[in-house]
Amino acid sequence: MTLRWRIVALVAAATCAAATAVGVLVHHASRDRELSQARDGARTTLDRAAVIYARTGAVQGSGAVLDAPGLPGGLRRLVEKGHQGTEFTTGPGGPAMWAARPADDQVLSVRLDMSTAMRDIGALDTNIILAGLMTTAVVLPLGVLTAERMSRRLRLAAATARRIAAGDLDARISPATRPHDEIAEISGAVDSMAAALQERLLDEQRFTADVAHELRTPLMGLVTAAELLPPGEAAGYVRDRVRVLSTLVEELLEISRLDAGAEEADLSPCPLGPVLDEAIAGTGLSARLRTGAAEDTGRQSGEDTGRQGCEDAWRQDVTDGPKVWTDPRRLTRIVANLVVNAHRHGREPVEVTVAADGRTVTVRDHGTGFPDDLLEKGPQRFRTGVRERGRGHGLGLTIAAGQAQVIGATLEFGNAPDGGAVATLRLPERPEQPEPPEPGPIHG
């Protein structure tokens, strides 16, 4: 049951409970009052009749009778003991109040008919029930409206929180200022949290970009100095570490541009086969490339297709595999990162496959597979998952996911049933291009 209906049910229950309680209290108060008045009246009549009986020895005209046949048994036994009392009965003759006392060897009693009083109390009970139903009918819609407003505001706050969690740090609830309004306070707190989180993330992004930029200058000096070292094992090790550091700085700069939204795709029609072949060759690693029915092995070096090459191949209608609408440079970067990650953290053979639709590319290794944390939360920078998948700084998959978002593609991670990590890249469809207008007559 949602919060709205819980509030509605609570309002209905509270209204019915309040109406019932008031009705019960009014009923008992009215009944007790009528009985008290009847008891007092019966006693007064009985006392007056006793005075008349003691003076005249008769009770005619006093409203009392001697040894009345309908006298309640309990009241008769009480009188026989020498006491006087009253009792309310609802016998065949209808509701009545009896009062009795001893009179020599007889019982002097008075009976007051209470049918009218009980009917009045019954009518009062009916009116109380109708008033309770009317009150519920008026209060319940108001409760529904109030609950709906509260539920709508809470759903807005929850939806905004989910947008923030999904990465939309500009999302805000912007609640109206209402003093002593708890929902407005919660909404304001969520907005404050989002603003603080956004500011902190922007500070971290700026810090990462600034550090990467500041490292480029001394790093270039290190590269130059490493190249000047005399040949030897130590020099080779230094050059290798400088190359790794240079790659890390460039990846940090790329991530900072992706975080800042500064990257824009330059889409064009391009044959998929040459782009994948170039991406594999650029890694210097082996990978089997399957495009439809064809199967090839990724080369160690390949021709640079480039954007002009893609457009030329498209215009010439080459048969080198399927064609896609994408940014070839960014697609090459994505596939190269996936192939490098497969070699670094998985085991050979590494396979790059193009599905029958011509827009889905999968990169698979035969290692231990992606860790559960990556499958659940996606790639995270400076996290490589479990120890069995090797070492690294975790930026390759992060960059691949960011570049896929730039070109409008989706990148999903999973594990094959028979073992191995599987990264699936789904490229967007080619947009419909308008037909060029037919040339009209030239007026000169």
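Structure report, in brief.

Reading guide: rules and limits
Residues numbered from 1 in each chain as written. Predicted model: local features only at pLDDT ≥ 70, side-chain atom pairs only at ≥ 80, totals over all residues. Heavy atoms only, no water. Helix = DSSP H or I, 4+ residues; strand = E, 2+ residues; numbered from the N terminus. Buried < 20%, exposed > 50% of the residue type's maximum accessible area, 1.4 Å probe, protein only. Areas by Shrake-Rupley, 256 points an atom, 1.4 Å probe, with all protein chains shown as cover. Expected span 1.5 Å × (residues − 1). 1 Å grid on protein atoms, 1.4 Å probe; cavity = no way out; pocket = protein on both sides within 12 Å on 5 of 7 lines; lining within 4 Å. Points joined across faces, edges and corners; volume = space filled by probe spheres on them. Nonpolar A, V, L, I, M, F, W, Y, C, P; charged D, E, K, R; others polar. Pairing = 2+ DSSP bridges. Contact = heavy atoms within 4.5 Å. Axes fitted to C-alpha atoms, helices over the stretch in contact; angles between N-to-C directions. Core = buried A, V, L, I, M, F, W, Y, C linked by side-chain atoms within 4.5 Å. Parallel < 35°, antiparallel > 145°, perpendicular 65-115°, else oblique. Left-handed = near helix turned anticlockwise from the far one by under 90°. Patch = residues over 30% accessible without salt bridge, like charges linked within 9 Å, V, L, I, M, F, W, Y side chains within 5 Å. Salt bridge = Lys/Arg side-chain N within 4 Å of Asp/Glu carboxyl O. Polar contact = N/O pair within 3.5 Å; in protein donor to acceptor, adjacent residues only side chain to side chain.

### Describing the overall build of the chain
Now for step 1: On a plain count of helices and strands, the chain comes out with 10 helices and 12 strands.
Now for step 2: Residues counted as buried form 35% of the 444 residues belonging to the chain.
Now for step 3: Carbon and sulfur atoms make up 56% of the accessible area of the chain, which amounts to about 26300 Å² in all.

### Regarding helix α1 (residues 3–56)
Now for step 1: Its 54 residues give α1 an end-to-end C-alpha distance of 78 Å, which sits within 8% of 80 Å, the value for a rise of 1.5 Å per residue.
Now for step 2: Where α1 ends, the next residue or the one after it, Gly-57, has phi of about 80°, a positive value.

### A closer look at empty space enclosed by the protein
Now for step 1: Considering all chains together, one arrives at 1 cavity of 30 Å³ or more under this definition.
Now for step 2: Each pocket or cavity is described by its volume, and for the largest cavity that value is around 50 Å³.
Now for step 3: In terms of lining residues, the largest cavity is bounded by Leu-338, Asn-341, Ala-342, Val-363, Arg-364, Asp-365, Phe-370, Leu-397, Ala-421, Val-422 and Ala-423.
Now for step 4: At the level of secondary structure, the elements contributing two or more residues to the lining of the largest cavity comprise α8 (328–345), β10 (360–364) and β12 (421–426).
Now for step 5: Here the lining of the largest cavity is composed, by residue class, of 8 nonpolar, 1 polar and 2 charged.

### Notes on the sheet that holds strand β1 (residues 65–66)
Now for step 1: Strand order in the open sheet made by the 4 strands is β1-β4-β3-β2, with antiparallel pairing throughout. Across the chains shown, the open sheet's two edge strands, defined by having one partner strand only, are β1 and β2 (85–91).
Now for step 2: Direction of pairing for β2 relative to strand β3 (residues 94–103): antiparallel, over a ladder of 7 bridges. Paired with Glu-87 across the strands is Trp-98, a residue of β3.
Now for step 3: Contacts from helix α2 (residues 73–80) reach β2, β3 and β4 (106–113), with the element oriented near 15° to β3.

### A short note on the nonpolar core
Now for step 1: Judged by nonpolar contacts, the single largest core of 33 residues is most densely connected at Leu-338, Val-352 and Leu-425.
Now for step 2: For this core, the secondary-structure elements that each account for two or more residues are α6 (272–283), α8, β9 (351–354), β10, α10 (395–406), β11 (410–415) and β12.
Now for step 3: In terms of residue count, α8 provides more of this core than any other element does, 6 residues in total.
Now for step 4: Residues within four places of Leu-425 in sequence aside, it is in contact with Leu-331, Ile-334, Arg-359, Thr-360, Val-361, Ala-404, Ala-409, Thr-410 and Leu-411.
Now for step 5: Leu-46, Tyr-53, Ala-103 and Ala-117 belong to the second-largest nonpolar core, a separate cluster that totals 18 residues.

### Considerations on the packing of α6 against α8
Now for step 1: Axis separation between α6 and α8 bottoms out at 8 Å; the angle between their running directions is 50°. Accordingly, the angle class assigned to the pair α6 and α8 is oblique. As for the relative orientation of α6 and α8, their crossing is right-handed in sense. Of the residues in α8, those touching α6 at Leu-272, Val-275, Leu-276, Glu-278, Ala-279, Ile-280 and Thr-283 are Pro-328, Leu-331, Thr-332, Val-335, Ala-336, Val-339 and Val-340.
Now for step 2: Residue composition of the contact of α6 with α8, by class: 11 nonpolar, 2 polar and 1 charged.

### Re unusual backbone geometry
Now for step 1: Geometrically, the link from Glu-348 to Pro-349 is a cis peptide bond, its omega value of 0° lying close to zero.
Now for step 2: For Pro-349, the location among the structural elements is in the loop between α8 and β9.

### Some remarks on a nonpolar patch on the surface
Now for step 1: Taken together, the side chains of Val-138, Val-139, Leu-142 and Leu-145 make up a nonpolar region of the molecular surface, amounting to roughly 360 Å² of accessible area.
Now for step 2: Secondary-structure assignment places Leu-145 in helix α3 (residues 115–165).

### Some points on the side chain of Thr-332
Now for step 1: Mapping Thr-332 onto the fold places it in helix α8.
Now for step 2: Polar contacts involving the side chain of Thr-332 include one to the main-chain carbonyl oxygen of Pro-328, which spans 2.8 Å.

### A look at the pairing of β4
Now for step 1: Relative to β4, β1 runs antiparallel, the two being bridged by 2 bridges. Bridging across to β4, Leu-66 finds its partner in Leu-108.
Now for step 2: Bridge count for β3 against β4 is 8 bridges, and the pairing is antiparallel. Residue pairing in the sheet places Pro-102 in a bridge with Val-107 of β4.
Now for step 3: Between β3 and β4, which pair antiparallel in sequence order, lie 2 residues; one of them, Asp-104, sits at a positive phi of approximately 60°.

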